[in-house]
Amino acid sequence: MAGPFCAMQLADLGADVVKVENPAGGDNVRLTAPFLDGESSNFIRLNRNKRSLALDLKLPEGAAIFRRLADRADVVIENLRPGTMGRLGLDYPRLRESNPGLVYVAASGWGQTGPYSKLAGLDIMAQAMSGLMSITGEPGGGPVKVGVPVCDLVCALYGALAAVSALRARERDGQGQFIDVSLFEAGVSLAVWEAGRYFATGEVPGPLGSAHQSTAPYQAFRASDGYFTAGVPSPVLWTAFLGVLGLRELEFDPRFATNADRHANRAELASLIEAVTAGQDRAHWIAAFQAAGVPCGAIQTYDQVFEDPQLKAREFFWDGPHPTLGEVRQIGSPMRLAATPTRRDAAGPRLGQHSAEVLAELGYGLAQYEELRDRAVTA
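Everything in this summary refers to the structure shown in the same document. Only a predicted model underlies this, so the values are computations on that prediction, with no experimental measurement involved.

### Considering the environment of Ser117
Working step 1: As for its placement among the helices and strands, Ser117 is situated in the loop between strand 6 (103-108) and helix 6 (123-129).
Working step 2: Once the C-alpha coordinates of Ser117 and Phe178 are considered, the two residues, 61 residues apart in sequence, prove to be 16 Å apart.
Working step 3: Within polar-contact distance, the side chain of Ser117 engages the backbone oxygen of Gly114 at 2.9 Å.

### Considerations on the pairing of strand 4 (residues 50-54)
Working step 1: Strand 4 sits mainly inside the fold: five of its five residues count as buried.
Working step 2: Neither face of strand 4 is open: one carries Lys50, Ser52 and Ala54, the other Arg51 and Leu53, and all of them are buried.
Working step 3: Looking at chain direction, strand 1 (residues 17-21) and strand 4 are connected through five bridges and run parallel. Pairing of Val18 across the sheet is with Arg51, part of strand 4.

### Observations concerning unusual backbone geometry
Working step 1: Following Ala33, the chain continues to Pro34 via a peptide bond in cis, the omega torsion being 5°.
Working step 2: With respect to the element layout, Pro34 can be found in the loop between strand 1 and strand 2 (35-36).
Working step 3: Cis geometry marks the peptide bond from Ala216 to Pro217, where omega comes out at -5°.
Working step 4: By secondary structure assignment, the location of Pro217 is in the loop between helix 9 (192-201) and strand 8 (218-223).
Working step 5: Despite not being glycine, Asp37 shows a phi value in the positive range, around 50°.
Working step 6: For Asp37, the location among the structural elements is in the loop between strand 2 and strand 3 (39-40).
Working step 7: Here Asp37 falls in the exposed class, since its relative accessible area comes to 71%.

### Describing the pattern of salt bridges
Working step 1: Counted according to the given criterion, the structure contains 23 salt bridges.
Working step 2: Of the charged contacts in the structure, one is a salt bridge between Glu39 and Arg350, with a shortest N-O distance of 3.0 Å. One end of the pair, Glu39, is in strand 3; the other, Arg350, is in the loop between strand 12 (326-330) and helix 16 (355-361), and 311 residues separate them in sequence.
Working step 3: Judged by its relative accessible area of 9%, Glu39 is buried.
Working step 4: The class of Arg350 is partly exposed, set by a relative accessible area of 37%.
Working step 5: Residue Glu307 pairs with Lys312 through a salt bridge whose shortest N-O separation is 2.6 Å.
Working step 6: Within this structure, Asp16, Arg51, Glu357 and Glu361 form a network of salt bridges that share partners.

### Here we look at a nonpolar patch on the surface
Working step 1: Residues Leu13, Leu161, Val164 and Leu337 make up a contiguous nonpolar surface patch of about 320 Å² in total accessible area.
Working step 2: Mapping Leu13 onto the fold places it in the loop between helix 1 (2-12) and strand 1.
Working step 3: Leu13 sits in the partly exposed class, given a relative accessible area of 40%.

### Quick look at the packing of helix 10 (residues 235-245) against helix 13 (residues 282-291)
Working step 1: In contact at an axis separation of 10 Å, helix 10 and helix 13 are set at 140° when each is read in the N-to-C sense. Comparing the axis directions of helix 10 and helix 13 gives the class oblique. Crossing of helix 10 over helix 13 shows right-handed handedness. On helix 13, the residues that touch Phe241, Val244 and Leu245 of helix 10 are Trp285, Ala288 and Phe289.
Working step 2: Looking at side-chain class alone, the contact of helix 10 with helix 13 contains six nonpolar, no polar and no charged residues.

### Considering the sheet that holds strand 9 (residues 226-231)
Working step 1: Reading across from one edge, 8-9-10 is the order of the three strands in this open sheet, with antiparallel pairing throughout. Each edge of the sheet is formed by a strand with only one pairing partner; in this case those strands are strand 8 and strand 10 (296-298). The sheet shows a mean angle of 30° between the axes of neighbouring strands, taken without regard to direction.
Working step 2: Judged from the six bridges that link them, strand 8 and strand 9 form a sheet pairing that is antiparallel. Among the inter-strand pairings, Tyr218 is bridged to a residue of strand 9, identified as Gly231.
Working step 3: Set on the sheet, helix 12 (residues 266-277) makes contact with strand 8 and strand 9; between it and strand 8 the angle comes to about 35°.

### Some details on the packing of helix 1 against helix 7 (residues 150-173)
Working step 1: The N-to-C vectors of helix 1 and helix 7 enclose an angle of 45°; their axes lie 8 Å apart at closest approach. Judged by the angle between their axes, helix 1 and helix 7 are oblique. The two elements helix 1 and helix 7 meet at a crossing, and its hand is right-handed. Residues Ala2, Phe5, Cys6, Gln9 and Leu10 of helix 1 touch helix 7, and the partners they reach there are Asp152, Leu153, Cys155, Ala156, Leu157, Gly159, Ala160, Ala163 and Val164.
Working step 2: Its residues placed into classes, the contact of helix 1 with helix 7 shows 11 nonpolar, two polar and one charged.

### A closer look at the sheet that holds strand 7 (residues 177-182)
Working step 1: The three strands lie next to each other as 5-6-7, forming an open sheet whose pairing is parallel. Because the sheet does not close on itself, it has two edges, and the strands there are strand 5 (75-78) and strand 7. Across the sheet, the axes of successive neighbouring strands diverge by a mean angle of 15°, strand direction being ignored.
Working step 2: Two strands pair when backbone bridges link them, and strand 5 and strand 6 are joined in this way by four bridges, in the parallel orientation. Counted as the bridge partner of Ile77 is Val105 from strand 6.

### A closer look at helix 10
Working step 1: All buried positions along helix 10 are accounted for by Leu237, Trp238, Phe241, Leu242 and Leu245. The buried side chains of helix 10 occupy one side of the element, clustering within an arc of 135° when seen end-on.
Working step 2: On the buried face of helix 10, the contacting elements are strand 8, strand 9, helix 11 (259-264), helix 12 and helix 13.
Working step 3: Gly246 sits one or two positions beyond helix 10 and adopts a positive phi of about 75°.

Reading the values: the criteria
Residues numbered from 1 in each chain as written. Predicted model: local features only at pLDDT ≥ 70, side-chain atom pairs only at ≥ 80, totals over all residues. Heavy atoms only, no water. Helix = DSSP H or I, 4+ residues; strand = E, 2+ residues; numbered from the N terminus. Polar contact = N/O pair within 3.5 Å; in protein donor to acceptor, adjacent residues only side chain to side chain. Buried < 20%, exposed > 50% of the residue type's maximum accessible area, 1.4 Å probe, protein only. Pairing = 2+ DSSP bridges. Salt bridge = Lys/Arg side-chain N within 4 Å of Asp/Glu carboxyl O. Patch = residues over 30% accessible without salt bridge, like charges linked within 9 Å, V, L, I, M, F, W, Y side chains within 5 Å. Areas by Shrake-Rupley, 256 points an atom, 1.4 Å probe, with all protein chains shown as cover. Axes fitted to C-alpha atoms, helices over the stretch in contact; angles between N-to-C directions. Parallel < 35°, antiparallel > 145°, perpendicular 65-115°, else oblique. Left-handed = near helix turned anticlockwise from the far one by under 90°. Contact = heavy atoms within 4.5 Å. Nonpolar A, V, L, I, M, F, W, Y, C, P; charged D, E, K, R; others polar. Arc of directions from axis to C-beta.

Below you can see the structure in the form of structure tokens.
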């Protein structure tokens, strides 16, 4: 997901993104269920606002078309194992010969250099090796990954940020550059609290369930009908929190005098809190804490998320047209630029939907396109 999600960010921000796919099946995400009339529901959301060019890069004619496309491009994004683009003759050193201003983003599992660089790498391996799985889940439980492919997605965001930064630098010196981002390093970069603890004390962090790494109370609490979340990051909120619970005496308990004390004794503290919160439902506690200004929230399932009144009020979701499916619901971009709002143009394209169009822009006539299509160079 790293390459497609990276390109999706740039497409949302206004870039004309041409997704180059193998004519024989295209991106593997096209094969993932569920399907809508044969189209992957996942693909049409991950690849919104893009054009699809079907191109067999292993054929000389396909590689030549890619080079022609790269000559006109500001950015190339690839998500293949290191060395693959070199074997195709389409790596950065060769592409920059004819386009010195090219910004080339290479996303991989482990990075372009180092002892792991040639290994296959997926999000779950990056989550495991980066330490994320060692701190996710309940204490004493088995290994658990983050529910979303966080290393893939964060790597993509770093790639997009680096790309726009490199384009800004190009305005200064006219030169493009190579950008190396990896799932592994993206995962490790998230260990802000864990690094703070380990480098200061040598303590190896472990899983805390829903609890925070350094603040307490800050976790999910049990109510009579399930769980809700609350966080108390300041002394003022600690007082307000205890007032809602009717536990003001804990403010004078030496076990909980400071945040450090509360965190050190968080299991005891959580037990005292849940002895009270278990007596009322989640709606009661959320309303009470909100009235007192204490940060809190329900634990929503995705059916609730996709119908959330806050997201509806901000028109976060939108419908993008698809050539065969009609209007398809899309997740919005969280980047809200006042003067240059993100694009909401179209759902992810069909395989090769724009092949003839893109080739025409590169100077290929209709007859040439049809010949290339018949020879399976394109589709």
